[in-house]
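Structural overview for review
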Amino acid sequence: MEILKKPVLTEKAALLTEKLNRYTFQCDHRANKIQIKAAIEVMYGVSVESVNTQVIVGKTKTRSTKTGIVQGRSAKYKKAIVTLKEGETIDFYSNI
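Quick caveat: nothing in here was measured; it's all calculated off a predicted structure.

For the rest of this paragraph, the subject is the nonpolar core. As a rule of thumb, nonpolar side chains are buried together in soluble globular proteins. The biggest cluster of nonpolar side chains holds 17 residues, and the ones touching the most others in it are Leu 4, Phe 25, Ile 36, Ile 40, Val 82, Leu 84 and Ile 90. Going through the elements one at a time, strand E2 (22-27), helix H2 (33-44), strand E3 (48-56) and strand E6 (77-84) are the ones with two or more residues in this core. Ignoring any residue separated from it by four or fewer positions in sequence, one finds Leu 84 in contact with Asn 21, Tyr 23, Val 46, Ser 47, Val 48, Glu 49, Thr 89 and Ile 90.

Right under this line is the structure:
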């Protein structure tokens, strides 16, 4: 099971990072807080203070095509908001 899927890089996540030293990740829906904390500490080499998780429900999507209206749903996922210890940071752009 790959615990961390990708970081969430949105404006709201950037504000959390700047003001409160919190980073947001999209995770496997079966992972718990302990597994997420261990995965981040190993992958990025930082100390994690706390982990908050939320399950984001998929939204209904509708679009019009030549053959009619198509309805679907985006997938749900688990989001983890990780607070790091004071003075530690994660640089997402240096490992590209």
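Next comes the rest of the account.
This part covers the pairing of strand E5 (residues 68-73). Of all the six residues making up E5, zero are buried; the element is thus mostly uncovered. Sheet topology note: the strand E4 (residues 60-65)/E5 ladder contains six bridges and is antiparallel. Across the sheet, residue Lys 61 finds its bridge partner in E5, namely Gly 72. Turn length for the E4-E5 hairpin, with the two strands adjacent in sequence and antiparallel, is two residues.

Moving on to H2. With 12 residues, H2 ought to run about 16 Å at 1.5 Å a step, and its terminal C-alpha atoms sit 16 Å apart, in line with that. Within H2 the residues assigned to the buried category are Ile 36, Ala 39 and Ile 40. In a view along the axis of H2, the buried residues occupy a sector of 95°, so they form one face of it. Facing away from the buried surface of H2 by more than 90 degrees, the exposed residues are Ile 34 and Val 42.

What the rule picks out here adds up to four aromatic pairs. For the pair Tyr 23 and Phe 92, a centre-to-centre distance of 5.9 Å together with 75° between the ring planes defines the contact as edge-to-face. With Tyr 23 in strand E2 and Phe 92 in the segment after E6, this pair connects stretches of sequence that are 69 residues apart. Taken as a pair, Tyr 23 and Phe 92 share a single burial class, namely buried.

Turning next to unusual backbone geometry. Only a minority of non-glycine residues have a phi that is not negative, and only a minority of peptide bonds are not trans. The phi torsion at Asn 21 lies on the positive side, around 55°, for a residue other than glycine. Structurally, Asn 21 is set in the loop between helix H1 (11-20) and E2. When its relative accessible area of 16% is taken as the criterion, Asn 21 is described as buried.

This paragraph deals with the pattern of salt bridges. Within this structure, the stated rule accounts for one salt bridge. Taking the shortest distance from any N to any O, the salt bridge between Arg 30 and Asp 28 comes out at 3.1 Å. Given the relative accessible area of 55%, Arg 30 is considered exposed.

Basis of the calculations
- Residues numbered from 1 in each chain as written.
- Predicted model: local features only at pLDDT ≥ 70, side-chain atom pairs only at ≥ 80, totals over all residues.
- Heavy atoms only, no water.
- Core = buried A, V, L, I, M, F, W, Y, C linked by side-chain atoms within 4.5 Å.
- Buried < 20%, exposed > 50% of the residue type's maximum accessible area, 1.4 Å probe, protein only.
- Helix = DSSP H or I, 4+ residues; strand = E, 2+ residues; numbered from the N terminus.
- Contact = heavy atoms within 4.5 Å.
- Pairing = 2+ DSSP bridges.
- Expected span 1.5 Å × (residues − 1).
- Arc of directions from axis to C-beta.
- Phe/Tyr/Trp six-rings, centres within 6.5 Å; stacked < 30°, edge-to-face > 60°.
- Salt bridge = Lys/Arg side-chain N within 4 Å of Asp/Glu carboxyl O.

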